[in-house]
Amino acid sequence: GENVEQHPSTLSVQEGDSAVIKCTYSDSASNYFPWYKQELGKGPQLIIDIRSNVGEKKDQRIAVTLNKTAKHFSLHITETQPEDSAVYFCAAPGAAGNKLTFGGGTRVLVKP
Amino acid sequence: GAVVSQHPSWVICKSGTSVKIECRSLDFQATTMFWYRQFPKQSLMLMATSNEGSKATYEQGVEKDKFLINHASLTLSTLTVTSAHPEDSSFYICSARRLPEGDTQYFGPGTRLTVL
């Protein structure tokens, strides 16, 4: 099955700085890569996703890049704000495509 | 759009009792729903895939007789934790896949289960 690794596990940044989270996946058949944000005590919220036919996607302050050759994708958050503090998860579906395997999560703390 | 609700949001029960958790897609139809369990400071672990009108597919190590899943309609799936024990205490989260996007999963707010 698919194996997704996520780094770093924790990330502390100063407000206004950028944050980058990286994920690698094992199954080259994976073709869809979502990112979720989870606040304490809540369910994960989809913030951005990318499909394998594009290399980059941007939505305001967040962007995701995909390198299919190297089998890794990254989340970029620019101009971080305190409300960006949360746990972020990446995921990939694997060959079957009917379920997601999640990375271990990154706890992001944005310091005012 | 793509709102998923769960009920209850939290529940406390005695050991040995059963608890039912509902997952509803409010503004779309979901032929497939997923149930996850999340322990504190850990990632989401898939328990089972629920398909409308058919039996759920359980992940390895998940007891199907303990975690009963029913997906009776395109907007409702239920998870029943039978004979709950303290080790079943966890955060249970469902997600639903919206057609025609297919692979995008939208998550519910989660249910905190505490077994005394």
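Higher on the page you've got the structure.
Presented here is an overview of the structure given in this document. (Residues numbered from 1 in each chain as written. Chains lettered and ligands numbered in written order. Predicted model: local features only at pLDDT ≥ 70, side-chain atom pairs only at ≥ 80, totals over all residues. Heavy atoms only, no water.)

## Looking at the overall build of chain B
Of regular secondary structure, chain B possesses zero helices and 11 strands. Projected onto the principal axes, the alpha-carbon positions of chain B cover approximately 40 × 25 × 20 Å. Taken across its 116 residues, chain B has 51% of its residues classed as buried. Summed over its atoms, the accessible surface of chain B is roughly 5,600 Å², and 53% of this surface lies on carbon and sulfur atoms. When the 11 basic and 10 acidic side-chain charges of chain B are each reduced to a single mean position, those positions are 5 Å apart. (Helix = DSSP H or I, 4+ residues; strand = E, 2+ residues; numbered from the N terminus. Buried < 20%, exposed > 50% of the residue type's maximum accessible area, 1.4 Å probe, protein only. Areas by Shrake-Rupley, 256 points an atom, 1.4 Å probe, with all protein chains shown as cover. Lys, Arg positive; Asp, Glu negative; His and termini not counted. Charge placed at Lys NZ, Arg CZ, Asp CG, Glu CD.)

## Describing the side chain of Gln 38 of chain A
Within the secondary structure, Gln 38 of chain A is located in strand S4 (residues 32-38). Residue Gln 38 of chain A is classed as buried on the basis of its relative accessible area of 7%. For Gln 38 of chain A, the side chain forms a polar contact with the main-chain oxygen of Lys 42 of chain A, separated by 2.8 Å. One polar contact links Gln 38 of chain A to Gln 38 of chain B, side chain to side chain, over a distance of 2.9 Å. Once residues within four sequence positions are removed from consideration, Gln 38 of chain A is found in contact with Gly 43, Pro 44, Ala 86, Val 87 and Phe 89 of chain A together with Gln 38, Phe 91 and Ile 93 of chain B. (Polar contact = N/O pair within 3.5 Å; in protein donor to acceptor, adjacent residues only side chain to side chain. Contact = heavy atoms within 4.5 Å.)

## Considerations on the layout of surface pockets
Space inside the largest pocket adds up to approximately 470 Å³. If you go around the largest pocket, you meet 23 residues; those closest to its centre are Gln 38, Leu 40, Val 87 and Arg 107 of chain A together with Lys 41 of chain B. Looking at the lining of the largest pocket, the elements with two or more residues in it are strand S9 (86-92) and strand S11 (106-111) of chain A. One number sums up the size of the second largest pocket: a volume of about 310 Å³. Along the walls of the second largest pocket sit 16 residues, with Glu 2, Lys 99, Leu 100 and Thr 101 of chain A together with Glu 59 of chain B positioned nearest its centre. Elements with a minimum of two residues in the lining of the second largest pocket: strand S10 (101-102) of chain A together with strand S5 (45-51) of chain B. For the lining of the second largest pocket, the per-class residue count stands at nine nonpolar, three polar and four charged. (1 Å grid on protein atoms, 1.4 Å probe; cavity = no way out; pocket = protein on both sides within 12 Å on 5 of 7 lines; lining within 4 Å. Points joined across faces, edges and corners; volume = space filled by probe spheres on them. Nonpolar A, V, L, I, M, F, W, Y, C, P; charged D, E, K, R; others polar.)

## Some remarks on the packing of aromatic side chains
On inspection of all chains with the given rule, the structure shows 12 aromatic pairs over all chains. The interplanar angle of 90 degrees and the centroid separation of 5.6 Å between the aromatic rings of Phe 102 of chain A and Tyr 36 of chain B together place this pair among those described as edge-to-face. On the criterion of chain membership, the pair formed by Phe 102 of chain A in strand S10 and Tyr 36 of chain B in strand S4 (residues 32-38) is interchain, its members lying in two chains. Just above the ring of Phe 67 of chain B sits the side chain of Lys 66 of chain B; from NZ or CZ to the centre is 6.0 Å. (Phe/Tyr/Trp six-rings, centres within 6.5 Å; stacked < 30°, edge-to-face > 60°. Lys NZ or Arg CZ within 6 Å of the ring centre and 35° of its normal.)

## What about the interface of chain A and chain B?
Every contact between the two is made by 19 residues of chain A and, on the other side, 20 residues of chain B. Interface area, chain A with chain B, both sides summed: about 1,500 Å², of which 51% is carbon and sulfur. On the chain A side of the interface with chain B, the three residues burying the most area are Pro 44, Lys 99 and Phe 102 of chain A, jointly 29% of the side's total. Counting every contact that joins chain A to chain B gives one salt bridge. In this structure, Lys 99 of chain A and Glu 59 of chain B form a salt bridge, with 2.9 Å as the shortest nitrogen-oxygen distance. Elements supplying a minimum of two residues to the side of chain A that touches chain B: S4 and strand S5 (45-51) of chain A. By residue class, the composition of the side of chain A that touches chain B is seven nonpolar, seven polar and five charged. (Buried area = accessible area lost by both parts, 1.4 Å probe. Salt bridge = Lys/Arg side-chain N within 4 Å of Asp/Glu carboxyl O.)

## Things to note about unusual backbone geometry
If a residue is not glycine, its phi is most likely negative; likewise, a peptide bond is most likely trans. In this structure, the amide linkage connecting His 7 of chain A to the following residue, Pro 8 of chain A, adopts the cis form with an omega of -5 degrees. Among the structural elements, Pro 8 of chain A can be located in the loop between strand S1 (4-7) and strand S2 (10-14). The residue after His 7 of chain B, namely Pro 8 of chain B, is reached through a cis peptide bond having omega 0 degrees. Even without a glycine there, the phi angle at Gln 60 of chain A is positive, about 55 degrees. Topologically, Gln 60 of chain A is positioned in the loop between strand S6 (56-59) and strand S7 (62-67). Even without being a glycine, Ser 83 of chain B presents a positive backbone phi close to 45 degrees. Tracing the backbone shows Ser 83 of chain B in the loop between strand S8 (76-81) and strand S9 (90-97).

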